[in-house]
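Survey of secondary and tertiary structure
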Amino acid sequence: MIIRSFIKKLIHPFLKLGYDLYHSKPRPYHYKHLKVLIHPEVFSPKFTISTKILLEYLEPLNLKKTSFLELGCGSGIISLLAASKGAIVTASDINTIALKALKEASKNNNVSINTVYSDLFEKFHQKRFDYIIINPPYYPRDPQNDKEQAWFCGTNFEYFQKLFHQLPNHIHQNNVFMILSQDCDIIHIKKIAAKRGLTLDCIFEKVVAKEKNFIFSIN
């Protein structure tokens, strides 16, 4: 599967070396008319499919004047799309390099985005959003740096424990979308959500290169 083979590149020392050499300098990433420059310390969506699936799903939605949060924005391409459609966009991350690059990208793409340094909802208190988009880390391993936070959710799924504990305080409408791959432990993630009174309902499914990805609505 695409995701699993990519994770092997991150873990295997020789494959990781090749990946790191390729990303030793900023690389451009495009989605239609939008463009971002991916810094070496920011995880690139180029070699995965989840970001593109979210982009394709969100593109036909009417987001004009809606409050929109991309939680853990990474490259920020989803935030750029939402802003280009007239949404009032906030993009958060714990990677300061990613946030700085997104600020520059928003200027270059002539859109307005509010970037916030925040570990999940830590800096948002009781603020609620019409749309919340989450492309989470879901492999059960402890991340060793900010870049690995994009992939690894902690040995005991700590990311999801914290996410589902905080999320109910920030939902304004039932438009919380999260993408997961069949390559992760979806059943366990659903159980963590259920303990907080939340359900994950599949609203979209797409198969690319024999790998299923699911967009869930969280209610």
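Worth saying up front: this structure is predicted, and the values here are computed from it rather than measured. (Residues numbered from 1 in each chain as written. Predicted model: local features only at pLDDT ≥ 70, side-chain atom pairs only at ≥ 80, totals over all residues. Heavy atoms only, no water.)

Let's shift gears to the packing of aromatic side chains. Under the definition given, this model contains 13 aromatic pairs. Taken together through their ring pairs, the aromatic side chains of Tyr57, Phe68, Tyr131, Phe177 and Phe204 make up a single cluster. Above the face of the Phe152 ring, Arg141 is positioned so that its terminal group lies 4.7 Å from the ring centre. (Phe/Tyr/Trp six-rings, centres within 6.5 Å; stacked < 30°, edge-to-face > 60°. Lys NZ or Arg CZ within 6 Å of the ring centre and 35° of its normal.)

A word on the sheet that holds strand E7 (residues 176-181). Whenever strands of a sheet pair, they do so through backbone hydrogen bonds, lying parallel or antiparallel. Sheet architecture is open: seven strands sit in the order E5-E4-E3-E6-E7-E9-E8, paired in mixed fashion. Each having just a single partner strand, strand E5 (113-117) and strand E8 (200-208) make up the two edges of the open sheet. For this sheet the average axis-to-axis angle between neighbouring strands, irrespective of direction, equals 20°. Across five bridges, strand E3 (residues 67-71) lies against strand E4 (residues 88-93) in parallel orientation. (Pairing = 2+ DSSP bridges. Helix = DSSP H or I, 4+ residues; strand = E, 2+ residues; numbered from the N terminus. Axes fitted to C-alpha atoms, helices over the stretch in contact; angles between N-to-C directions.)

So, about the side chain of Asn175. Position of Asn175 relative to the elements: it lies in the loop between helix H6 (158-166) and E7. Judged by relative accessible area, Asn175 falls into the buried class, the value being 16%. Residue contacts for Asn175: discarding those within four places in its chain leaves Asp130, Tyr131 and Ile132. (Buried < 20%, exposed > 50% of the residue type's maximum accessible area, 1.4 Å probe, protein only. Contact = heavy atoms within 4.5 Å.)

A few words now on the packing of helix H3 (residues 50-58) against helix H4 (residues 77-84). Running from amino to carboxyl end, H3 crosses H4 at an angle of 10°, the nearest separation of the two axes being 10 Å. When the interaxial angle is binned, H3 and H4 end up roughly parallel. Between H3 and H4, the contacting residues are Thr51, Leu54, Leu55 and Leu58 on the first element and Ile77, Ile78 and Leu81 on the second. Grouping the amino acids of the contact of H3 with H4 by side-chain chemistry returns six nonpolar, one polar and no charged. (Parallel < 35°, antiparallel > 145°, perpendicular 65-115°, else oblique. Nonpolar A, V, L, I, M, F, W, Y, C, P; charged D, E, K, R; others polar.)

Let's shift gears to the packing of H6 against helix H7 (residues 186-194). Relative to each other, H6 and H7 sit at 35°, their axes nearing to 9 Å. In terms of crossing hand, the pair formed by H6 and H7 is right-handed. Between H6 and H7, the contacting residues are Phe160, Gln161 and Phe164 on the first element and Ile189, Ile192 and Ala193 on the second. In terms of residue class, the contact of H6 with H7 is made up of five nonpolar, one polar and no charged. (Left-handed = near helix turned anticlockwise from the far one by under 90°.)

This next bit is on H4. The element H4 is largely enclosed, with a buried count of seven among its eight residues. Within H4 the residues assigned to the buried category are Ile77, Ile78, Ser79, Leu80, Leu81, Ala82 and Ala83.

With that settled, consider the pairing of E7. E7 sits mainly inside the fold: six of its six residues count as buried. Burial along E7 is two-sided: the face carrying Val176, Met178 and Leu180 and the face carrying Phe177, Ile179 and Ser181 are both buried. In this sheet, E7 lies alongside strand E6 (residues 131-134) in parallel orientation, the contact comprising three bridges. Within E7, the residue paired with Ile133 across the bridge is Phe177. Read from E6 through H6 to E7, the crossover connection turns out right-handed. Note: E7 against strand E9 (residues 211-218), five bridges, orientation antiparallel. Considered in E9, the bridge of Phe177 is made with Ser217. (Right-handed = clockwise from strand over helix to strand, strands pointing away.)

Below, the discussion takes up the state of the cysteines. All told, the structure shown has zero disulfides when counted by the stated rule. For the unlinked cysteine Cys153, the closest cysteine sulfur is that of Cys184, found at 8.5 Å. Exposure remark for Cys153: the relative accessible area of 3% places this residue in the buried category. (Disulfide = S-S within 2.5 Å.)

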